[in-house]
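Listed here are the chains, written in short residue letters.
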Amino acid sequence: MTKKTVTAQYPEAQPELPPRTRGVIGLFEENCTVCMLCARECPDWCIYIDSHKETAPAAAPGGRERSRNVLDRFAIDFSLCMYCGICIEVCPFDALFWSPEFEYAEADIRELTHERDKLREWMWTVPPPPALDPGAEEPKEIGAARKAVEKLEAAQRKEREQEQEGGE
């Protein structure tokens, strides 16, 4: 009560947001497999996805052709979105993330449907995940990757030693 109150003049002075602030949803398009889980689980039905199938030739002779979904449109109508985060939680491929971006107001409500190019721009404002707890167990994927790298380094060291012995 003894301190003078200070009002932050918003447009000129940006607020200091806490880490991992929920603003808008960013799309990491490379991870999207068009599985449609986010659109199906959304309680507001504010996610619009269009795709088509492409057929890839067989990798080996005599193999069969593979088909995969290709993303044509990914849009979120933020005038309908209730920012529950269900779409982010259900995405099995980590294609959706919370971005702290909050300045996306529009004069017309119809312009609050943001397409994938805008969602991709917001992806670059997503902060890195918090560090793991120091006492936590190492994820199995990281352990397996580390063992593979160590094995490769050991093989390279052995080759260098053999080359040095052969050169002498």
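Everything below is about the structure printed above this text.
First things first, this report covers the structure right here in the doc. What you see is a predicted model; the values in this text were computed from it and never measured.

Criteria and thresholds
- Residues numbered from 1 in each chain as written.
- Predicted model: local features only at pLDDT ≥ 70, side-chain atom pairs only at ≥ 80, totals over all residues.
- Heavy atoms only, no water.
- 1 Å grid on protein atoms, 1.4 Å probe; cavity = no way out; pocket = protein on both sides within 12 Å on 5 of 7 lines; lining within 4 Å.
- Points joined across faces, edges and corners; volume = space filled by probe spheres on them.
- Helix = DSSP H or I, 4+ residues; strand = E, 2+ residues; numbered from the N terminus.
- Phe/Tyr/Trp six-rings, centres within 6.5 Å; stacked < 30°, edge-to-face > 60°.
- Buried < 20%, exposed > 50% of the residue type's maximum accessible area, 1.4 Å probe, protein only.
- Core = buried A, V, L, I, M, F, W, Y, C linked by side-chain atoms within 4.5 Å.
- Contact = heavy atoms within 4.5 Å.

1. A closer look at the layout of surface pockets
Rolled over the atoms, a probe with the dimensions of a water molecule shows which regions are left empty.
Step number 1: Volume-wise, the largest pocket comes out at about 190 Å³.
Step number 2: What lines the largest pocket is simply Arg 20, Arg 22, Ile 88, Glu 89, Asp 94, Leu 96, Phe 97, Trp 98, Val 126, Pro 127 and Pro 129.
Step number 3: Counting residues per element, the ones that place at least two in the lining of the largest pocket are α2 (86-90) and β4 (96-99).
Step number 4: Tallying contributions element by element places β4 first for the lining of the largest pocket, with three residues.

2. Some words on the packing of aromatic side chains
Step number 1: Applying the stated criterion across every chain yields a total of five aromatic pairs.
Step number 2: When the ring of Phe 78 is compared with that of Tyr 83, the centres are 6.0 Å apart and the planes differ by 20 degrees; the resulting orientation is stacked.
Step number 3: Phe 78 gets classed as buried once you look at its relative accessible area, which sits at 4%.
Step number 4: Taking the centre distance of 5.5 Å and the plane angle of 55 degrees together, the rings of Phe 78 and Tyr 104 count as tilted. With Phe 78 in the loop between β3 (66-77) and α2 and Tyr 104 in the loop between β4 and β5 (113-114), this pair connects stretches of sequence that are 26 residues apart.

3. Description of the environment of Cys 91
Step number 1: Tracing the backbone shows Cys 91 in the loop between α2 and β4.
Step number 2: Separated by 50 residues in the primary sequence, Cys 91 and Glu 41 have C-alpha atoms spaced 9.8 Å apart.

4. Some words on the nonpolar core
Step number 1: With 26 residues, the main nonpolar core has Ile 25, Ile 47, Ile 49, Phe 74, Ile 76, Phe 78 and Leu 96 as its most contacted residues.
Step number 2: Mapped onto this core, the elements with two or more residues apiece are β1 (24-27), α1 (37-41), β2 (47-56), β3, α2, β4 and α3 (116-123).
Step number 3: For Ile 76, the residues in contact, after removing those within four places along its chain, are Ile 25, Cys 46, Ile 47, Leu 112, Thr 113, His 114 and Leu 119.

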